[in-house]
Amino acid sequence: VQLQASGGGLVQAGGSLRLSCVASGFTFDDYAIGWFRQAPGKGREGVACISNSDGSTYYADSVKGRFTISRDNAKNTVNLQMNSLKPEDTAVYYCATDIKTHTDYLVCHYSLYDYWGQGTLVTVSS
């Protein structure tokens with residue numbers, strides 16, 4: 001199982017970035033995919049998750065209306081479009097999947113995701 005996150009970088013407040021997560025080594029459309037982030041000195045939090053079954057999504061309150069998660073099962077890819085970025089969005093962003101813990105309902109808590117990509121750093125300057 002491999003998850004490769006990319007697309008991070010340095011952007012000014014108000015700008016946009018698009019993160020991509022390319023997966024391999026498992027049946028991609030059988031599992032949910034989530035984006036999580038960890039800022040310096042803080043715990044890991046769920047940003048956005050998308051189910052495998054009906055495409056339902058979850059967003060953290062802090063990113064609702066600014067971030068959009070989408071998946072392309074044909075390309076084994078999940079994207080996170082991030083608009084109106086704020087300095088508080090600065091963090092390492094990880095994508096993950098729930099192979100061993102998968103359930104029929106979407107949950108976006110890091111403890112329920114068991115395979116992780118390497119992370120991509122997003123820095124938003126004020």
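For the structure, check the block above.
This write-up is about the structure you can find in this document. (Residues numbered from 1 in each chain as written. Predicted model: local features only at pLDDT ≥ 70, side-chain atom pairs only at ≥ 80, totals over all residues. Heavy atoms only, no water.)

A short note on the environment of Y58
Argument step 1. Structurally, Y58 can be placed in strand β6 (residues 57-59).
Argument step 2. On the basis of relative accessible area, Y58 is assigned to the partly exposed category, the value being 37%.
Argument step 3. Setting aside residues no more than four positions away along its own chain, Y58 makes contact with G46, V47, A48, C49, L106 and C108. (Helix = DSSP H or I, 4+ residues; strand = E, 2+ residues; numbered from the N terminus. Buried < 20%, exposed > 50% of the residue type's maximum accessible area, 1.4 Å probe, protein only. Contact = heavy atoms within 4.5 Å.)

Some points on the packing of aromatic side chains
Argument step 1. Under the defined criterion, the tally for this structure stands at 5 aromatic pairs.
Argument step 2. For the ring pair F26 and F28, a centre distance of 6.3 Å and an interplane angle of 45° mean the geometry is tilted. Side by side, F26 and F28 carry an identical accessibility label, which is buried.
Argument step 3. Ring centres 4.9 Å apart and planes at 50° place the aromatic pair F36 and W116 in the tilted group. Of this pair, F36 sits in strand β4 (residues 33-38) while W116 sits in strand β10 (residues 115-116), and the two are 80 residues apart along the sequence.
Argument step 4. A relative accessible area of 0% means that F36 is categorised as buried.
Argument step 5. Through successive ring pairs, a cluster of aromatic residues spans F36, Y94, Y113 and W116.
Argument step 6. The cationic tip of R44 hangs over the ring face of W116; the distance from NZ or CZ to the ring centre is 4.6 Å.
Argument step 7. Above the plane of the ring of F28 lies R71, whose end atom (NZ or CZ) is 4.6 Å from the centre. (Phe/Tyr/Trp six-rings, centres within 6.5 Å; stacked < 30°, edge-to-face > 60°. Lys NZ or Arg CZ within 6 Å of the ring centre and 35° of its normal.)

Points about the sheet that holds strand β3 (residues 17-24)
Either a parallel or an antiparallel arrangement is found when strands of a sheet pair, and the pairing is made through backbone hydrogen bonds.
Argument step 1. Strands sit in the order β1-β3-β8-β7 across an open sheet of 4 strands; the sheet is antiparallel. With partners counted over all chains shown, the strands left at the sheet margins are β1 (2-6) and β7 (67-72), one partner each. Taken over all neighbouring pairs, the strand axes of this sheet differ in orientation by 15° on average, direction set aside.
Argument step 2. With 6 bridges connecting them, β7 and strand β8 (residues 77-82) associate as antiparallel partners. Pairing of T68 across the sheet is with Q81, part of β8. (Pairing = 2+ DSSP bridges. Axes fitted to C-alpha atoms, helices over the stretch in contact; angles between N-to-C directions.)

A closer look at the state of the cysteines
Two cysteines joined by a covalent bond between their sulfur atoms form a disulfide.
Argument step 1. Within the structure shown, the criterion is met by 2 disulfides.
Argument step 2. There is a disulfide in this structure between C21 and C95, and the S-S distance comes to 2.2 Å. The sign of the S-S torsion, about 75°, decides the handedness of the disulfide formed by C21 and C95: right-handed. Remark: C95 occurs in strand β9 (residues 91-97) and C21 occurs in strand β3; sequence separation between them is 74 residues. Each member of the pair, C21 as well as C95, carries the same accessibility label: buried.
Argument step 3. Here C49 engages in a disulfide with C108; their sulfurs sit 1.9 Å apart. Looking along the S-S bond of the C49-C108 disulfide, the torsion reads about 70°, which is the right-handed sense. (Disulfide = S-S within 2.5 Å.)

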